[in-house]
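Architecture at a glance
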Amino acid sequence: MSNYPLGRNEADTITSKTGKKLSEITLDEVKRGNVTAEDIKISSEMLKRQGQVAAEADNPQMEANFDRAAELVNVPDDVILNMYNKLRPNRSTKRELLLIAQELLEKYHAPHCAKLVLEAAEIYEKRGILL
């Protein structure tokens, strides 16, 4: 099994989205202005490693969640917020959800997230909760 918890046991190998090591992100470094908001965002690699931990613990659902999260790291916040709003019942048409899935797949290379949106579109259609 992985050296879990990773944050405590592998702080020198864990990097943020900008490549800064977890061990370099300290309160003193923040006070000195050497850590930015971008430096504390998680990397897709770390989310994938967390997914591996979940797989090793025989938790495939958690692994799938981490896989989707890893895909979303490079998706702009406004796109993610729009997607979540559109995924609420009675907030979108099937076409809108299909376009979101297409954008996730083609523009952001997020196949697991696109699949989730496509599945939601089908289920929402069956349940009658689309616009």
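Let us look at the structure shown here. Treat the numbers as computed from the prediction; the structure is a model and nothing was measured.

1. Quick word on the nonpolar core
Proteins that are soluble and globular tend to have nonpolar side chains buried together. Leu72, Met83, Leu87, Leu97, Leu104, Val117 and Tyr124 are the most contacted members of the largest nonpolar core, which has 20 residues in total. Contributing elements (two or more residues each) for this core: helix H5 (77-86), helix H6 (94-106) and helix H7 (111-127). Tallying contributions element by element places H7 first for this core, with 6 residues. Sequence-distant contacts of Leu87, defined by excluding residues within four places in its chain, comprise Leu97, Val117, Ala120 and Tyr124.

2. Description of H7
Taking 1.5 Å per residue, 17 residues should reach 24 Å; H7 reaches 24 Å between its end C-alpha atoms and fits that length. Here the buried face of H7 lies against helix H4 (60-72), H5 and H6. Where H7 terminates, the next one or two residues include Gly128, which has phi positive at roughly 70°.

3. Some remarks on H4
Here H4 spans 19 Å end to end across 13 residues, near enough to the 18 Å set by a 1.5 Å rise per residue. The complete set of buried residues in H4 reads Ala70, Glu71 and Leu72. On the buried face of H4, the contacting elements are helix H3 (44-56), H5, H6 and H7.

4. Describing the packing of H3 against H4
Closest axis-to-axis distance for the H3/H4 pair is 8 Å, and the angle between their directions is 175°. Classified by the angle their axes make, H3 and H4 are roughly antiparallel. Here H3 contributes Ser44, Leu47, Lys48, Gln50, Gly51, Ala54 and Ala55 to the contact with H4, which in turn contributes Met62, Glu63, Phe66, Ala69 and Ala70. Across the contact of H3 with H4, the residue classes tally to 7 nonpolar, 3 polar and 2 charged.

5. Section: the environment of Lys20
Mapped onto the elements of the fold, Lys20 is located in the loop between helix H1 (6-9) and helix H2 (27-31). In this structure Lys20 comes out as buried when scored by relative accessible area, which is 19%. Contact partners of Lys20, with chain neighbours within four places excluded, come to Ile14, Thr15, Ile25, Asn34, Val35 and Asp39. Polar contacts involving the side chain of Lys20 include one to the main-chain carbonyl oxygen of Asn34, which spans 3.0 Å.

6. Thoughts on the layout of surface pockets
Within this model, the largest pocket holds a volume of roughly 190 Å³. Residue lining of the largest pocket: 17 residues in total, with Ile14, Thr15, Leu22, Ile42 and Met46 positioned closest to the centre. Sorting the residues of the lining of the largest pocket by element identifies H1 and H3 as the ones contributing at least two each. As a volume, the second largest pocket reaches approximately 160 Å³. Lys17, Lys41, Ile42, Leu72, Val73, Asn74, Val75, Pro76, Asp77 and Ile80 together form the lining of the second largest pocket. Taken together, the residues of the lining of the second largest pocket sort by class into 6 nonpolar, 1 polar and 3 charged.

Here is what the cut-offs are and how they apply
- Starting from 1, residues in each chain are numbered consecutively following that chain's sequence as written.
- In view of the model being predicted, local features appear only for residues whose pLDDT reaches at least 70, and side-chain atom pairs are presented and counted only at 80 or more, with totals across whole chains, interfaces and linings using the full set of residues.
- Side-chain measures here rest on the full set of heavy atoms in the structure, leaving out hydrogens and waters.
- By nonpolar core is meant a set of buried Ala, Val, Leu, Ile, Met, Phe, Trp, Tyr and Cys residues that side-chain atoms within 4.5 Å join together.
- Whether a residue is buried, partly exposed or exposed follows from its accessible area with a 1.4 Å probe, protein chains only, as a fraction of its type maximum: under 20%, in between, or over 50%, in that order.
- Numbering of helices and strands starts at the N terminus; helices are DSSP runs of H or I of at least 4 residues and strands are runs of E of at least 2.
- Note on contacts: a residue pair is in contact if any heavy atoms of the two residues lie within 4.5 Å.
- The span expected for a helix works out to 1.5 Å for each residue beyond the first.
- Helix axes are fitted to C-alpha atoms over the stretch in contact, other axes to C-alpha atoms as well, and angles between N-to-C directions run from 0 to 180 degrees.
- An angle below 35 degrees is treated as roughly parallel, one above 145 as roughly antiparallel, one from 65 to 115 as roughly perpendicular, and anything else as oblique.
- Note on residue categories: nonpolar means Ala, Val, Leu, Ile, Met, Phe, Trp, Tyr, Cys or Pro, charged means Asp, Glu, Lys or Arg, and polar means any other residue, Gly included.
- Counting of polar contacts relies on pairs of N or O atoms within 3.5 Å, with two restrictions inside protein: one atom must be capable of donating a hydrogen and the other of accepting it, and residues adjacent in sequence are counted only when both atoms are side-chain atoms.
- A 1.4 Å probe that fits but cannot get out identifies a cavity on a 1 Å grid over protein atoms alone, an open set with protein on both sides within 12 Å along at least five of seven lines counts as a pocket, and a residue lines either if it has an atom within 4 Å of a point.
- Grid points are joined across faces, edges and corners, and a volume is the space filled by probe spheres set on the points.

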